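Descriptive analysis of the structure
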Amino acid sequence: MTNRREFLRTAAAATAGGVVTGGAAAASPLPLPLHAVLIETTFPQTHAFGASLATAASAPLLHLRQGDITAAWLQHIAPIWQREPVALAGLTLSSSLFCLETLTSLTPLRVQFHAEHVLLPDGRVQHRVLRGGDSAQLNEDHLHRLGPLWPTHLADAVAVHRRADSRQRLGPSVAALTPSLPDGASLLTSWIIAPV
Amino acid sequence: MALPPNVNATDFNSALNAWRQTVGAEWVFTSDEDVAMYRDAYSPWWDEPEERVASAAVAPSTVEQVQAVVRTANQYRIPLYAISTGRNLAYGGSAPVYSGSVVLDLKRMNRVLEVDERNAYALVEPGVSYFDLYNHITEKKLALWIDPPDPGWGSVIGNALDGGGGWTASPFRDHFGAHCGMEVVLANGELVRTGMGALPNAKTWQHNRWGFGPWVDGLFRQGNMGVVTKMGFHLMPRPEAMQMMTVRVSQEQDLIPLVDTLNLLENQHVVNGSTQLSGSFGASPAGAPATAWSAQAPVYGPERVVRAQMEHCRELFSRIPGARIELGDLTRVPLDEAALARVRKVNFGIPDLSTFGLLGRSAADPSPQGGHIDFSPIIPRTGEAVLEYARFYRENLAAVSEGGALRFLGPVFMTNWDRTMVAMIMFPIGRDKTHNARMRAAFVKWVELAAARGWAEYRAPAGFQDVCAKSYSWNDHALTRFRETIKDAVDPNGILSPGRYGVWPKHLRNA
Ligand SMILES: Cc1cc2nc3c(=O)[nH]c(=O)nc-3n(C[C@H](O)[C@H](O)[C@H](O)COP(=O)(O)OP(=O)(O)OC[C@H]3O[C@@H](n4cnc5c(N)ncnc54)[C@H](O)[C@@H]3O)c2cc1C
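Values in this document were obtained by computation on a predicted structure and should not be read as measured data. (Residues numbered from 1 in each chain as written. Chains lettered and ligands numbered in written order. Predicted model: local features only at pLDDT ≥ 70, side-chain atom pairs only at ≥ 80, totals over all residues. Heavy atoms only, no water.)

**Examining the pattern of salt bridges**
Residues and elements named next belong to chain B. The full count for this structure, using the stated rule, is 26 salt bridges over all chains. A salt bridge links Glu-125 to Arg-111, with the nearest nitrogen and oxygen atoms 2.7 Å apart. Taken together, the residues Glu-125 in the loop between β6 (121-124) and α4 (130-139) and Arg-111 in the loop between β4 (102-105) and β5 (112-116) connect sequence positions 14 residues apart. Taking the relative accessible area as the measure of exposure, Arg-111 reaches 48% and is therefore partly exposed. Between Lys-230 and Glu-183 there is a salt bridge; the shortest N-O distance is 2.9 Å. (Salt bridge = Lys/Arg side-chain N within 4 Å of Asp/Glu carboxyl O. Helix = DSSP H or I, 4+ residues; strand = E, 2+ residues; numbered from the N terminus. Buried < 20%, exposed > 50% of the residue type's maximum accessible area, 1.4 Å probe, protein only.)

Take a look at the structure:
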């Protein structure tokens, strides 16, 4: 299991040698390399997001059904996180983020970006950026103005998201607890989990 | 950095430095954001001053390190809270019962030490999750099953120590009941092995759980008398097949023979799977087929035996007038892809995390809050008791739910442990502090109302363990006093998980 200190040590050494491995957070001017993109399959919005981000990040797209991360976890994420704390992003149900975040314990991985998208029955979407909006250059008004194009814009923003500064204090997100939703609304959650 | 209660900064720093020497500085967590990762994600006090939080965390990787950490804690009188994987959601997560305790995180002790196929047992460390044990067994191609709870990411040891249970066959579903032998670090740092493990060069540690003399293992179930560093578990030999029978009755009073028949079949070990009882609590809507209650009875075993057992079940259930009996398909094991996609995996010893997705919006829960805490009283395993509980629930619902303003989920009548019926009610917990406060008040009210009827919890969320423990008050709290006497003797400084399941050390007893 890689701990935070070991990770930062390796990353700093790699950056000093000119190899960008996805470490040395603050020093890296490059967007965060993503290891995989996860989407909940049952919403059209997630497909637009997933296709766009997976292409931009050259990362595989993993499909979740009813929030269940089991297969993605066992087949893709656990084996790699055991070796190396790599970044993931997604547009999923909030329970999927919560499960993945829980599985980061004792690693240097933290939720660095977290936004909620409430899909209302009349087709409108309410956006709330809870964490990391600045690094993603994302704001709620802009997402709102984009109307149905918000998933691809969100994907673009996630693709250029910079790693959070290791001095930034990141505790747990609030993904476990959901906001009260209007009748008939659904909640999607966009997120990045990455090493600090 | 927060300080543990009644510990000064100098002493705390000395202890932290000693722990850094013991486990390596990178495994001692003191920054606010690292320590915050041990918060209980479903805390009913989330973001309120009363939320139970840790002051620091230490993650040893060996038994010797655990002993050294405990000795240091004793020297500086620092409360520790041991967790295995710390995913005790709905019952406290990784957060300590006594706020300000240092979490002793045992996740790094994650070795599967032994799996014996011929005698069907495993010996594991606390950080071994159900996924880990399943992977180990699968990789080694052993014909054994584990018995996972709904979330497969938990610790085989942690779940058992909290009184958890699973969904395959009896007797493996009662996880503490299926254990055989422990290794425990006591509060003074001494190491003890229980049962046959007390024999030097023991050859039968996981063969016989009782050993010789008074049995002490029960002190560590929902206890705070030691830190468990190894535990043996009996595993289920992989069965050949499973088949399920569903029995429906349409009159409320038919529940009585339905439960009696289920009990008989289970107590005779004819039905060995995790049974389920569901009820519609009253009259069916006009025109709808009347189904007051239904029971599911699964049987695991060799195919020929399963078929014969099912015949016997049919014979007994058909004695209930009007009972409608449906025999499900027989599922052969190991599962093929089609079966794997169809079944509830935990009933086949396969750990997964699908339960978290299923907690989303449903007809029963149109506005899910994300978190929940569980009220889980044990009631008698009779149809009369279920009907009485259902009446009790209906009668008190309006008052406890503020006239229906608060929505609870349940009750769910869980018959999945031998001889036991748990009538569980789930209390949703969300981000709204006012809502959470009202849920807390409702929870306490249910505990008190149930206790007045002679029903009490088998397990409780950390913040409610005191109130639930208080209901076990027969003979002026004699049982609590007995436990406190033991606690004072084995942990005189009260450093191990103070307050867990209502057992407080002397200096905090009346605090
Ligand atoms: C949706 C959902 C479904 C659930 N379904 C089930 C279910 O089917 N069955 C079930 O049993 N539970 C269930 N739970 C409750 C809980 O999540 C599990 O029981 C979980 O396995 C417990 O967490 P853990 O295994 O990580 O144990 P831990 O959190 O590691 O341990 C639990 C407690 O035991 C004590 N402890 C742990 N390790 C040690 C040690 N080595 N020494 C001394 N004390 C120790 C600590 O007090 C700790 O708080 C469910 C929860 C949710 C949210």
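**Comments concerning the interface of chain A and chain B**
Taken together, the 40 residues of chain A in the interface contact 39 residues of chain B. Of the roughly 3200 Å² buried between chain A and chain B on both sides combined, carbon and sulfur atoms contribute 59%. The largest per-residue losses of area from chain A upon contact with chain B belong to A:Leu106, A:Pro172 and A:Leu177, which jointly make up 20% of the total buried on that side. For the pair chain A and chain B, the interface holds two salt bridges. Note that A:Glu116 is salt-bridged to B:Arg431, the shortest N-O span being 2.5 Å. Counting the contacts that link chain A with chain B gives nine residue pairs in polar contact (both at pLDDT 80 or more). Looking at the side of chain A that touches chain B, the elements that each hand over two or more residues are α1 (4-16), α3 (70-83), α4 (94-102), β4 (109-119) and β5 (125-131) of chain A. For the side of chain A that touches chain B, the leading source of residues is α4(A), giving five residues. (Contact = heavy atoms within 4.5 Å. Buried area = accessible area lost by both parts, 1.4 Å probe. Polar contact = N/O pair within 3.5 Å; in protein donor to acceptor, adjacent residues only side chain to side chain.)

**Notes on the nonpolar core**
Soluble globular proteins tend to bury their nonpolar side chains together. If you look at the biggest cluster of nonpolar residues, it comprises 86 residues, and the most contacted ones within it are A:Leu38, B:Leu258, B:Leu277, B:Trp293, B:Phe317, B:Phe408 and B:Phe427. Sequence-distant contacts of B:Phe427, defined by excluding residues within four places in its chain, comprise B:Gly371, B:His372, B:Ile373, B:Phe375, B:Phe408, B:Met439, B:Ala442, B:Phe443 and B:Trp446. Core analysis: the next-biggest nonpolar cluster, separate from the first, contains 39 residues, B:Val97, B:Val102, B:Leu106 and B:Ile495 among them. (Core = buried A, V, L, I, M, F, W, Y, C linked by side-chain atoms within 4.5 Å.)

**Observations regarding the sheet that holds strand β1 (residues 34-40) of chain A**
Within a sheet, each strand pairs with its neighbour through backbone hydrogen bonds, oriented either parallel or antiparallel. Residue and element names in this part refer to chain A. Read across the open sheet, the six strands follow the order β2-β1-β3-β6-β4-β5; overall the sheet is mixed. The open sheet is flanked by β2 (61-64) and β5, the only strands paired with a single partner. Neighbour to neighbour, the strand axes of the sheet diverge by 15° on average, direction disregarded. Its contacts with the sheet place helix α2 (residues 44-57) against β1, β2, β3 (87-92), β4 and β6 (186-195), and it is angled at close to 170° to β1. (Pairing = 2+ DSSP bridges. Axes fitted to C-alpha atoms, helices over the stretch in contact; angles between N-to-C directions.)

**What about the sheet that holds strand β3 (residues 80-83) of chain B?**
Residues and elements named next belong to chain B. Taken together, four strands build an open sheet; the order of strands is β1-β2-β4-β3 and the sheet is mixed. Each edge of the open sheet carries a strand with a single partner, namely β1 (28-29) and β3. Sheet topology places strand β2 (residues 56-58) next to β4; three bridges connect them, and they run parallel. Among the inter-strand pairings, Val-58 is bridged to a residue of β4, identified as Leu-104.

**Some points on unusual backbone geometry**
Residue and element names in this part refer to chain B. Of note, the amide linkage connecting Val-333 to Pro-334 takes the cis form, showing an omega dihedral of -5°. For the bond from Gly-410 to Pro-411, the omega torsion is -5°, close enough to zero to count as cis. You can see Pro-411 is positioned in strand β19 (residues 409-417). Of note, Arg-77 is a non-glycine position whose phi angle comes to about 55°, a positive value. Take Arg-77: it is sitting in the loop between α3 (63-76) and β3.

**Things to note about the site of the ligand**
Residues and elements named next belong to chain B. Surveying the vicinity of the ligand reveals 33 residues, the closest of which are Ser-84, Thr-85, Arg-87, Ser-155 and Arg-459. Between an oxygen atom of the ligand and a main-chain N or O atom of Ser-155, the distance comes to 2.8 Å. Val-228 places a polar main-chain atom, nitrogen or oxygen, 2.9 Å from a nitrogen atom of the ligand. Protein chains bury 95% of the 960 Å² of accessible surface belonging to the ligand in isolation. At the level of secondary structure, the elements contributing two or more residues to the shell around the ligand comprise β3, α5 (156-161), β10 (226-234) and α9 (354-358). Tallied by class, the residues present in the shell around the ligand amount to 15 nonpolar, 13 polar and five charged. Inspection of the shell around the ligand shows a minimum of three residues originating in each of domain 1 (9-107) and domain 2 (112-237). (Near = heavy atom within 4 Å. Areas by Shrake-Rupley, 256 points an atom, 1.4 Å probe, with all protein chains shown as cover. Nonpolar A, V, L, I, M, F, W, Y, C, P; charged D, E, K, R; others polar. Domains from an automatic or database assignment.)

**A closer look at the packing of aromatic side chains**
Between two aromatic rings, the relevant description is the distance of the centres plus the angle of the planes. This structure, assessed with the given rule, holds 24 aromatic pairs over all chains. For the ring pair A:Phe98 and B:Trp153, a centre distance of 6.3 Å and an interplane angle of 80° mean the geometry is edge-to-face. Taken together, the residues span two chains, with A:Phe98 in helix α4 and B:Trp153 in the loop between β7 (144-145) and α5. Take A:Phe98: its relative accessible area is 6%, and that puts it in the buried class. A cation over a ring is seen here: B:Arg39 above B:Trp46, with NZ or CZ 3.6 Å from the ring centre. (Phe/Tyr/Trp six-rings, centres within 6.5 Å; stacked < 30°, edge-to-face > 60°. Lys NZ or Arg CZ within 6 Å of the ring centre and 35° of its normal.)

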